[in-house]
Amino acid sequence: MLVVNRFRAGDDPASLRADLELVHGLLADKPGYVAGWIGRNLDDPALWTLTTRWENVGAYRRALSSYELKLQMPVLMRAIDEPSAYEVVEPNAVLNVAEPRVT
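Residues numbered from 1 in each chain as written. Predicted model: local features only at pLDDT ≥ 70, side-chain atom pairs only at ≥ 80, totals over all residues. Heavy atoms only, no water.

Asker: I'm lost on the nonpolar core in this one. Help?
Answerer: Soluble globular proteins tend to bury their nonpolar side chains together. Judged by nonpolar contacts, the single largest core of 20 residues is most densely connected at Phe7, Leu16, Leu20, Val23, Leu27 and Trp54. It is helix H1 (residues 13-28) that contributes the most residues to this core, five residues altogether. In contact with Leu27, not counting residues within four places along its chain, are Tyr33, Leu50, Thr52, Trp54, Ala63 and Leu69. (Core = buried A, V, L, I, M, F, W, Y, C linked by side-chain atoms within 4.5 Å. Buried < 20%, exposed > 50% of the residue type's maximum accessible area, 1.4 Å probe, protein only. Helix = DSSP H or I, 4+ residues; strand = E, 2+ residues; numbered from the N terminus. Contact = heavy atoms within 4.5 Å.)

Asker: Please clarify how H1 should be interpreted in this entry.
Answerer: Residues three or four positions apart in an α-helix share a direction because the helix packs 3.6 residues into each turn. Here H1 contains 16 residues, and its C-alpha end-to-end distance of 22 Å stays within 8% of the 22 Å for a straight helix at 1.5 Å per residue. Every buried residue of H1 is listed here: Leu16, Leu20, Val23, His24, Leu26 and Leu27. One face of H1 carries all of its buried residues, which in axial projection span an arc of 160 degrees. Where H1 is buried, its residues touch strand S1 (2-8), strand S2 (33-40), strand S3 (47-54), helix H2 (57-64), helix H3 (67-71) and helix H4 (73-76). (Expected span 1.5 Å × (residues − 1). Arc of directions from axis to C-beta.)

The values reported here are purely geometric and, on their own, carry no functional implication.
Take a look at the structure:
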């Protein structure tokens, strides 16, 4: 599972970068984390991304619910409001079907 969160830097890009590095480090310590990186858009330097890969969606959700990450929610809440979770599409893979969940 791939998570792509995009951020707009605003007046202090160095502060956003430091915050994203901190959050990435916290996420990288969580079970189920596979890989991740911070990126900056080449055409629009104010646009940043925090991209992480996870074993599954449950691992990502558990990581976000950890105490350490909840303390960093101000930076995570600055993410551009758009869908951020993606399935990795591999050759001949059966893709997820979007269906309502029964509770």
